[in-house]
Structure formats: structure tokens, C-alpha cells
Amino acid sequence: MNETIVCVVGNVATQPVYRELAAGPSARFRLAVTARYWDREKSAWTDGHTNFFTVWANRQLAVNVAASVEVGQPLVVQGRLKVRTEVREGQQQWASADIDAVAIGHDLARGTAAFQRAAKPEAALMAARPEPSWETPGPAGALDEEVAQQAPEPAAVT
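Below is a summary of the structure that appears in this document.

Conventions adopted
Residues numbered from 1 in each chain as written. Predicted model: local features only at pLDDT ≥ 70, side-chain atom pairs only at ≥ 80, totals over all residues. Heavy atoms only, no water. Core = buried A, V, L, I, M, F, W, Y, C linked by side-chain atoms within 4.5 Å. Buried < 20%, exposed > 50% of the residue type's maximum accessible area, 1.4 Å probe, protein only. Helix = DSSP H or I, 4+ residues; strand = E, 2+ residues; numbered from the N terminus. Contact = heavy atoms within 4.5 Å. Salt bridge = Lys/Arg side-chain N within 4 Å of Asp/Glu carboxyl O. Phe/Tyr/Trp six-rings, centres within 6.5 Å; stacked < 30°, edge-to-face > 60°.

If you look at the biggest cluster of nonpolar residues, it comprises 19 residues, and the most contacted ones within it are Val8, Phe29, Leu31, Val65, Leu75 and Val77. When residues in this core are grouped by element, the largest group, 4 residues, is from strand E3 (residues 24-39). Among all residues touching Phe29, those that are not within four sequence positions of it are Val12, Thr14, Pro16, Phe53, Thr54, Val55, Val65, Leu75 and Ile104.

Moving on, we come to the pattern of salt bridges. One pass over the structure, following the stated rule, counts 6 salt bridges. A salt bridge links Arg80 to Glu3; its shortest N-O distance comes to 3.8 Å. Pair noted here: Arg80 is in strand E5 (residues 74-87) and Glu3 is in the segment before strand E1 (5-12), with a separation of 77 residues, a long-range link. Asp100 serves as the salt-bridge partner of Arg80, at 3.0 Å between the closest nitrogen and oxygen. Of this pair, Arg80 sits in strand E5 while Asp100 sits in strand E6 (residues 93-106), placing them 20 residues apart in sequence. Look at Arg80 and you get partly exposed, because its relative accessible area is 23%. Each of Glu3, Arg80 and Asp100 takes part in one network of salt bridges that share partners.

Evaluated as defined, the whole model comprises 1 aromatic pair. Here Trp38 and Trp45 contribute two aromatic rings whose centre-to-centre distance is 5.6 Å and whose plane-to-plane angle is 75 degrees, an arrangement assigned as edge-to-face. Assessed through its relative accessible area of 45%, Trp38 is described here as partly exposed.

Right, dumping it as C-alpha cells:
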């Protein structure tokens, strides 16, 4: 509920590592996010500080990341930010910023992509549902006329 949701745009810095775990598929990679600003003195765009995030993807998102993401590609990542700090033996305090991804996509401002839907699991195919009726009923008066036309005529009784 009180989570920090972020949306970052950057470049893939490391090849995604894919693992099949007991809880389901998982993938992780590093994302480099560099701030850019307009330098008035130079009249040019200048790179600022670069932040590195470890992006974690789970379940179907992990499978799709493993199939679609490569080093150097520009991505947009949305997810929950988690900053961890710890002290390692004989070293200074160490911090890492992780993003538990909810959505990952290629940045179409910097290139093109050809989207392809992921194959559905076979279990979902077995549970076939009946096709819904998409017929749109006509006006109320037209429906009464149709019913009257389709109704059989009463037989004459003698």
C-alpha cells in the first residue's frame, strides 16, 4: 500500500539472467539511467550522473524479458523501488536500488519494436468458453414485427 512506485527510462547495462525457481520464473538485469540537461554555456546536451538499478521480473514478465531484452536497448520500466543498505565484512556500507518490475517495454522514442503476443499456457486452452452472442437487437417495434412474422398462423377450427 505505501510503496514507492517509479517509472524509469534507461539503457540495459547487463545481459538478463533468467532462472526457473520453485516460485516460478525470475529474471534480472541492470538498467543505467543517465540524466541529461541542456548546458547553456556550451549550447549542447550534457550527460549528468548515471544511476544503476537492478530490475527484477517474475512469472510471465521474466519469460518475456529473457526473450526480448538485450544489452544496450532503451527501456521504460515501471515498478516498486526498494533501496537496501548493508555492511559487508571489512568494507564500508553498501547500498543498492532494486526495482520489482510491473511493466517493461522498449522506449519507442528511440527506436521501433515489433510486438508479438506470448503463447498462452495449454491449461488455459482446455477451459473452452462458449462464444458470446454479439448480435445487436433492433428497435423495440421491429422486434415485435419479426416475432409476429415468424409465429405460425393459427389453424382454423371447424
